[in-house]
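# Secondary and tertiary structure notes
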Amino acid sequence: MRIKIKDDMNHQNKARQAILQRFDAKRKATRKPNFYDPPIILGKKGGLTRKKINQIEERLRKKVMEKEGKEINKLKSTDNVLMRKGLKVTSTDLVARMLTKYFMRPFLIQNKLSHNQIKALEAIIRNRTRVIKGTNIRLSPNLTLLLLKFSNTLGENGYKKAKELSKLLTERGKSLSKMIKKSRTISDMFYNVYPRVATTEQFLNQPPEIFAKDIRESIIQRMKDLEQLNKINLPQKERYVKQIETEIKEAKENYILFRQNNFF
């Protein structure tokens, strides 16, 4: 299941409205009979309202009811909202991804980040724990390695700069929490987005020397994951091996650059 987020049509010119109308028509044409529902439209640059929060909650609740074939009064943060068999995305995972623009809004307004910096920060916001099916091996880098990459995109004293920027995420998270309370949503899926995002500032509040230690431990763990992966038989094993090998190589290079950028 995918919920599309587009800019509010009330604030768009006629050309933009025509684009959204064509998008909606195509979306409707590709859906199975009785499975079409109009996209939930968030405001410009991720603008969010209490009404939209309740719309998202109700949309997801109905989707899970369709999948489970039973009445569900309250959607939990740990409920799987992905319709594809064998895959799992919790309601909080999906909401965090949907609200990427909401959390990025201060950075987009200031227009001070490069394309690479924006992509690195978006990856942090969307970060979730995924494992290779049939194992306990992470499918993607952990938060430490994502923060390492973001810090390096900021250049000299990047760790300090990343720490300052992370405060904007925390502030947006606090605003989201206040809005959620006022919306009186019954699900906890929105409540759990703020603690997840606030973890970024908590990580970066450590001295750079301690963070560097976390980086080394993360690299060692990925090397152990690779060793374990090479000993087992899995579908698409070669793809996973290559992916983790590339991640380890990049992490080592980023670690060296991190030490150079932050002078220790």
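The structure under discussion appears in the preceding block.
Report follows, based on the coordinates.

The rules behind each value
- Residues numbered from 1 in each chain as written.
- Predicted model: local features only at pLDDT ≥ 70, side-chain atom pairs only at ≥ 80, totals over all residues.
- Heavy atoms only, no water.
- Buried < 20%, exposed > 50% of the residue type's maximum accessible area, 1.4 Å probe, protein only.
- Helix = DSSP H or I, 4+ residues; strand = E, 2+ residues; numbered from the N terminus.
- Expected span 1.5 Å × (residues − 1).
- Contact = heavy atoms within 4.5 Å.
- Axes fitted to C-alpha atoms, helices over the stretch in contact; angles between N-to-C directions.
- Parallel < 35°, antiparallel > 145°, perpendicular 65-115°, else oblique.
- Left-handed = near helix turned anticlockwise from the far one by under 90°.
- Nonpolar A, V, L, I, M, F, W, Y, C, P; charged D, E, K, R; others polar.

## Focus on unusual backbone geometry
The phi dihedral of asparagine 157 falls on the positive side, at around 55°, and the residue is not glycine. Looking at asparagine 157, the relative accessible area reads 33%, which means it is partly exposed. Unusually for a residue other than glycine, glutamine 236 sits at a positive phi of about 60°. Relative to the elements of secondary structure, glutamine 236 occurs in the loop between α9 (208–230) and α10 (237–262).

## Details of α9
At 3.6 residues per turn, the α-helix brings residues three or four places apart onto the same side. Under the 1.5 Å per step criterion, the end-to-end length of α9 is 33 Å for 23 residues, consistent within 8% with the ideal 33 Å. All of the buried residues in α9 are Phe211, Ala212, Asp214, Ile215, Ser218, Ile219, Arg222, Asp225, Leu226 and Leu229. Its buried side turned inward, α9 meets α6 (143–153), α7 (158–183), α8 (193–204) and α10.

## Description of the packing of α6 against α10
When two helices pack together, their arrangement is given by the angle between the helix axes and by the axis-to-axis distance. One way to put it is that α6 packs onto α10 with a least axis distance of 9 Å and a crossing angle of 50°. Classified by the angle their axes make, α6 and α10 are oblique. Helix-helix and strand crossings are classified by hand; for α6 and α10 the assignment is left-handed. Where α6 abuts α10, its residues Leu145, Leu148, Lys149, Ser151 and Asn152 lie against Glu247, Ala251, Asn254, Tyr255, Leu257, Phe258, Asn261 and Asn262. Among the residues forming the contact of α6 with α10, the class breakdown is 6 nonpolar, 5 polar and 2 charged.

## Brief notes about the environment of glutamate 253
Note that glutamate 253 resides in helix α10. We classify glutamate 253 as partly exposed; its relative accessible area is 42%.

Purely spatial values, then, with no claim about function.
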